[in-house]
Amino acid sequence: MLEIAGRISDRLVEAAAVVLLLTMLATVSLGVAFRLAGEPLAWSDELGQYLLVWTAFAGWIIASRRRSHIRIGLIVDRLKGLPRRLVEVVIQLLVAALGVILLIKSFGLIGRNTDVEWVSLPLSVALVYIPMPIAGMAVIFQAVLQAIEALLGEVKADASQELLL
């Protein structure tokens, strides 16, 4: 059941990342093409920047789930059995705490920016911060899943270690 939930979550985030990346590529390409034609699009640079931020959040979620985020494994990787599992649980609980902080703080950012507009389009700057609570919830969900996996003895190596094995 946990594995199925994790796979569904992974696929949804990966699909969102692909859509965001392709949209950013199209936006930037349009901006370049119109600039070369002498008719620059005022909104393309700003939208491209915001799409980059949103894509970065999606990438963080993906890297977190695959355990390929920045991680210093000098000590943890040498541990075996129960100590390794317990350390992994603590790490995942700390990641979940970061997700909770992100989730809580993001609503304040969204609220403070609802009446501020983009420079180039009549859209709320709050839209820029919409990925933050989504990322917070996803990171909490994934960290809890990984903590449960660690408790059950299913600690997996990170992606870089899998390539070496």
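A quick note: this is a predicted structure, and the numbers were derived from the prediction, not measured.

To continue, consider the side chain of Thr 55. Structurally, Thr 55 is set in helix 2 (residues 44–65). Look past the residues within four positions of Thr 55 in its chain and what remains in contact with it is Leu 20 and Leu 21.

Now for the packing of aromatic side chains. On inspection of all chains with the given rule, the structure shows 1 aromatic pair. Between Tyr 50 and Trp 118, the ring centres sit 4.7 Å apart and the planes meet at 70°, which makes this aromatic pair edge-to-face. Note that Tyr 50 is positioned in helix 2 and Trp 118 in the loop between helix 3 (81–112) and helix 4 (131–151), a separation of 68 residues in sequence. You can call Tyr 50 buried: its relative accessible area is 16%. What makes Trp 118 buried here is its relative accessible area of 6%.

With 92% of its residues at a pLDDT of 70 or more, the chain has an overall mean of 86. Here helix 5 (residues 159–164) stands out as the element of the chain with the lowest mean pLDDT, 42, in contrast to helix 3, whose mean of 91 is the highest. This model gives residues 159–165 a pLDDT under 50, and the stretch forms 5 contacts once residues within four places in sequence are excluded.

Moving on, we come to the pattern of salt bridges. A full pass over the atoms with the stated rule returns 4 salt bridges. Across the salt bridge formed by Asp 45 and Arg 35, the nearest N and O atoms sit 3.1 Å from each other. Taken together, the residues span a long stretch of sequence, with Asp 45 in helix 2 and Arg 35 in helix 1 (residues 2–36) at a distance of 10 residues. Judged by relative accessible area, which is 45%, Asp 45 ranks as partly exposed. Because the salt bridges share partners, they merge into one network encompassing Arg 11, Glu 14 and Arg 66.

What counts and what doesn't
- Residues numbered from 1 in each chain as written.
- Predicted model: local features only at pLDDT ≥ 70, side-chain atom pairs only at ≥ 80, totals over all residues.
- Heavy atoms only, no water.
- Helix = DSSP H or I, 4+ residues; strand = E, 2+ residues; numbered from the N terminus.
- Contact = heavy atoms within 4.5 Å.
- Phe/Tyr/Trp six-rings, centres within 6.5 Å; stacked < 30°, edge-to-face > 60°.
- Buried < 20%, exposed > 50% of the residue type's maximum accessible area, 1.4 Å probe, protein only.
- pLDDT = per-residue confidence, 0-100.
- Salt bridge = Lys/Arg side-chain N within 4 Å of Asp/Glu carboxyl O.

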